[in-house]
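# Examination of the molecular architecture
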Amino acid sequence: MKFLEEKFVPLAARVGSQRHLVAIRDAFVVIMPVTIVGAVAVLINNIQGIFSKNGLNVVAIQEGYTNFITSTGIKDVMTAVNKGSINMMAILLVVTLGYQMAKGLNGDGIATSVVALTCYLGLAPAVQTLTNNYSWADKATNVDVLTADVATGGLAANKLDSNGMFVGMILTIIVAEIFVRLSRNDKLKITLPDGVPPAVAGSFTVLIPAIITVILVVAVGIYIEKFSGMNLWVIIQKFVSAPLNSVADSLGTAILIEFLIAFLWVFGLHGANIVNSVTTPILTPMLLENTAAFEAGKTGKEIPNVIAGMNCFTRVGGSGSTFGLIIAVLIFSKVQAERTVIGISVAPGLFEINEPITFGVPIVMNPVYMLPFIIGPTVLGAVSYILMDLGIIERVVLSAPWVTPPILFPFLATGGGIKAAVWAAIEIVLLVLLWTPFVMISNKQNAREA
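Notes on the structure follow.

What counts, and at which threshold
Residues numbered from 1 in each chain as written. Predicted model: local features only at pLDDT ≥ 70, side-chain atom pairs only at ≥ 80, totals over all residues. Heavy atoms only, no water. Helix = DSSP H or I, 4+ residues; strand = E, 2+ residues; numbered from the N terminus. Buried < 20%, exposed > 50% of the residue type's maximum accessible area, 1.4 Å probe, protein only. Contact = heavy atoms within 4.5 Å. Polar contact = N/O pair within 3.5 Å; in protein donor to acceptor, adjacent residues only side chain to side chain. Expected span 1.5 Å × (residues − 1). Bend = angle between axes of the 7 residues up to and from the residue. Core = buried A, V, L, I, M, F, W, Y, C linked by side-chain atoms within 4.5 Å. Axes fitted to C-alpha atoms, helices over the stretch in contact; angles between N-to-C directions. Parallel < 35°, antiparallel > 145°, perpendicular 65-115°, else oblique. Left-handed = near helix turned anticlockwise from the far one by under 90°. Nonpolar A, V, L, I, M, F, W, Y, C, P; charged D, E, K, R; others polar. Phe/Tyr/Trp six-rings, centres within 6.5 Å; stacked < 30°, edge-to-face > 60°.

## Considering the overall build of the protein chain
- Of regular secondary structure, the protein chain possesses 19 helices and two strands.
- Counting only C-alpha atoms and orienting by the principal axes, one finds that the protein chain spans roughly 100 × 65 × 45 Å.
- In the protein chain, which comprises 450 residues, the share counted as buried stands at 46%.
- Sequence-distant contacts in the protein chain: of pairs separated by 6 or more residues, those separated by 24 or more amount to 71%.

What follows is the structure, given as structure tokens:
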């Protein structure tokens, strides 16, 4: 225990406060509401799937709902919402990460975001030429005329959505590091007279650093493609995102994530923030890939990733799955201090907020409650992964708000998964059974001390 406190805990704290990881984490936090809005739009357009033949088998409701959202235009509205949110995740991330990186470097956030976005769009490959041949009879000459409608220079949609997020992250970090440092160089600043409006003066101050950064970064990207025959998206997919995804989407990773989050919490560190700063850049694109598959009508094992969004099953009542502790204390605890804290914590616990429990019971550095706090989410992570991998319960396809109450949370996150909701209810029972013996031990300890 002493070794962990002296060596591991400080290391974890340093990882959680690492500048680039903090910027990435905060950038994802900023775009989280937009992600959820897009997920809600996808859910509204596809929720009728729970009444399909493979679901509750009430086809009349499925068809009636589909006709309703189509005839009223709701489907078109939700499709447009999704197009501007989830389908633009790479662009949104570049903008927010540019700002957060500049914030950490004490630079100009807006200017950094603009420069990063310019570099990203400049390097994004254009779609192939689109040709639509058609013919008609010219009325004046009665001769068939053949023509072609050609479109060039557009950006491929998969460079704007979650498929471009890894490139966006790496590119934005590089751009921010270069641009902010160049902006600090007084020799590169253009100073205008005092009478010039501040907005105009500010833009000229970063003009030369912006020119150098954009040309340098875009030139490097273009020459990499010329010499390697692969653009940045292909390179990152091949050598970074694909290997990470193959490692991340595994039972061992699911167990490790939940173990580390709970383990760090029992030492008073915000486990979710520390671990998520590393996992969010990997798991978020995987979840959005699931969303795209769900929107395309895929179900079950057709959904590509298992681990994405799994926290709806593993953090029941918050980190450590303390919802079971709430119920166990209310039923079995005779310790008045515990019952008072739990009474205050019931409402927050329903919305996955358990800091009152973690620091009030407490869980932190409590030898009695540390063990179930770690075991609960770790076991749930393992079992939930296996159940989803085997197709017994639905996989997570949507980004639901993390403050959604238990049972409803996985139901929404799986796009209306009935089996997922049933498993979530079973989880609560199992958690109560897990926590109860430790509540009894706490009763005995307090009785001896009284």
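Still more to cover.
## A short note on the side chain of N354
- Within the secondary structure layout, N354 lies in the loop between α15 (336–350) and α16 (355–360).
- On the basis of relative accessibility, which here comes to 3%, the residue N354 falls in the buried class.
- From its side chain, N354 meets the backbone oxygen of S319 in a polar contact 2.6 Å long.
- Residues within four places of N354 in sequence aside, it is in contact with G317, G318, S319, T322 and F373.

## Things to note about helix α2 (residues 19–46)
- Over its 28 residues, α2 extends 39 Å from the first C-alpha to the last, a length consistent with the 40 Å expected when each residue adds 1.5 Å.
- Along α2, the helix axis deviates most sharply at I31, where the bend reaches about 45°; the proline P33 sits within four residues downstream.

## Some words on the nonpolar core
- In terms of nonpolar packing, the biggest core is built from 107 residues, with L97, F313, L325 and Y369 touching the most fellow members.
- For Y369, the residues in contact, after removing those within four places along its chain, are L325, E338, V361, P362, I363, W435, F438, V439 and S442.

## Comments concerning the packing of helix α6 (residues 109–123) against helix α9 (residues 207–228)
- The geometry of α6 relative to α9 is characterised by a closest axis approach of 10 Å and an angle of 30° between their N-to-C directions. In terms of orientation, α6 lies roughly parallel with respect to α9. The interaxial crossing formed by α6 with α9 has right-handed handedness. Taken together, the residues of α9 that come into contact with α6 (itself represented by V115, T118, C119 and L123) are A210, T213, V214, V217, V218, G221 and I222.
- Grouping the amino acids of the contact of α6 with α9 by side-chain chemistry returns eight nonpolar, three polar and no charged.

## So, unusual backbone geometry
- P362 follows V361 through a cis peptide bond whose omega is -5°.
- As for its position among the elements, P362 is in the loop between α16 and α17 (370–389).
- With a phi angle near 65°, E352 is a residue other than glycine that sits in the positive phi range.
- Residue position: E352 is located in the loop between α15 and α16.
- Judged by its relative accessible area of 7%, E352 is buried.
- The phi torsion at I407 lies on the positive side, around 75°, for a residue other than glycine.
- Locating I407 in the fold gives a position in the loop between α17 and α18 (408–413).

## Some details on the packing of aromatic side chains
- Here the structure, examined in full by the defined rule, presents six aromatic pairs.
- Ring geometry for F259 against F263: centres 5.4 Å apart, planes inclined by 20°, an arrangement best described as stacked. You can see F259 and its partner F263 sitting in helix α11 (residues 251–265), four residues apart, about one turn around the helix.
- Residue classification places F259 among the partly exposed residues on the basis of a relative accessible area of 33%.
- Residue F263 is classed as buried on the basis of its relative accessible area of 12%.
- When the centroid spacing of 5.8 Å and the interplanar angle of 55° are considered together, the rings of Y369 and W435 count as tilted. Residue Y369 is found in the loop between α16 and α17, and its partner W435 is found in helix α19 (residues 418–449); the two are separated by 66 residues along the sequence. As far as the burial class goes, Y369 and W435 line up, both buried.

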